[in-house]
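An overview of the molecular structure
Listed below, chain by chain, are the residues.
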Amino acid sequence: MNRGYFITFEGPDGAGKSTQIEYLKEYLDQRGLDSVFTREPGGTRISEQIRDMLLDKENTDMSARTEALLYAASRAQLVEKVIQPALDQGKIVVSDRYFDSSIAYQGFGRDLGPKVLQVNKFAVKDLEPDLTFLMMISPDDVRSRLDQENLDRLESEDLEFKKKVLEGFESVAEEFRFRVRVIDATLSKEEIRDKIIQEIEWHFKKRGI
Ligand code: TYD
């Protein structure tokens, strides 16, 4: 078992992850706990180079499999060079996204299916988070917009993708129930912060942190 503690934040774009990660940093600093914060894709020089490739708007012809493998490669580097060493030193590691994002975006969004998880387990040598906060909005909201609004082709493709990603995150919450805490992203920032800190305090206490 890791000596440290590994926390990840997940959820669709715009669900408020970064604000909560800032709050968590303040909390950990106040408690004087040694922590490392990373973001995905990125977090090492090589991972940032892969990030640039992934987010380059000119790479419109990237195949879904290439995309999935690049996210996994970026993650492999981050785990080996940053996350695992920090955990071995007993630190608390907080990551903005981890392989649950690949399950949701590539596995569900891009229809690559469950093999995405296998590729990722290989990439990270089976390192799973101890605790994951999934900031969720309901896929129903997206579904009703799809049904009701008069959308052009690109808009409806975009919404269809978002809907599949949300369904992917719902499946992550189900499959990894033992570590995933689903947070209603429509609550106020402060309410969410309090829920997260409360949950973390409970787990830290159990672990004697
Ligand atoms: P980023 O600018 O970091 O977005 P955010 O602030 O919402 O995290 O870009 C990350 C994008 O990459 C985001 O749209 C989610 C996507 N992504 C995947 O498709 N698969 C993955 O494995 C990861 C980590 C991210």
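Rules behind the numbers
- Residues numbered from 1 in each chain as written.
- Predicted model: local features only at pLDDT ≥ 70, side-chain atom pairs only at ≥ 80, totals over all residues.
- Heavy atoms only, no water.
- Core = buried A, V, L, I, M, F, W, Y, C linked by side-chain atoms within 4.5 Å.
- Buried < 20%, exposed > 50% of the residue type's maximum accessible area, 1.4 Å probe, protein only.
- Helix = DSSP H or I, 4+ residues; strand = E, 2+ residues; numbered from the N terminus.
- Near = heavy atom within 4 Å.
- Polar contact = N/O pair within 3.5 Å; in protein donor to acceptor, adjacent residues only side chain to side chain.
- Areas by Shrake-Rupley, 256 points an atom, 1.4 Å probe, with all protein chains shown as cover.

A word on the nonpolar core. Nonpolar side chains in soluble globular proteins generally cluster together in the buried interior. Core analysis: the biggest nonpolar cluster contains 31 residues, and Phe6, Ile83, Val93, Tyr98, Leu127 and Phe169 have the highest contact counts within it. Listing elements by their share of this core, those giving two or more residues are helix 3 (64–88), helix 4 (99–109), helix 5 (115–123), strand 4 (131–136), helix 6 (139–148) and helix 7 (153–175).

In this structure, Pro41 follows Glu40 across a cis peptide bond, with omega equal to -10°. With respect to the helices and strands, the residue Pro41 is situated in the loop between strand 2 (35–39) and helix 2 (45–55). Positive phi, normally seen in glycine, also occurs at Arg97, with a value near 80°. Take Arg97: it is sitting in the loop between strand 3 (92–96) and helix 4. Residue Asp126 is not a glycine yet carries a positive backbone phi of 65°. Within the secondary structure layout, Asp126 lies in the loop between helix 5 and strand 4.

On to the site of the ligand. Around the ligand, the neighbouring residues are Asp13, Lys17, Glu40, Arg51, Tyr71, Arg75, Arg97, Ser101, Ser102, Tyr105 and Gln106. Within the side chain of Lys17, a nitrogen or oxygen atom sits 3.2 Å from an oxygen atom of the ligand. In this structure, Ser102 approaches the ligand through a side-chain N or O atom, which is 2.6 Å from an oxygen atom. Here the ligand loses 79% of its free accessible area of 540 Å² to cover by the protein chains.

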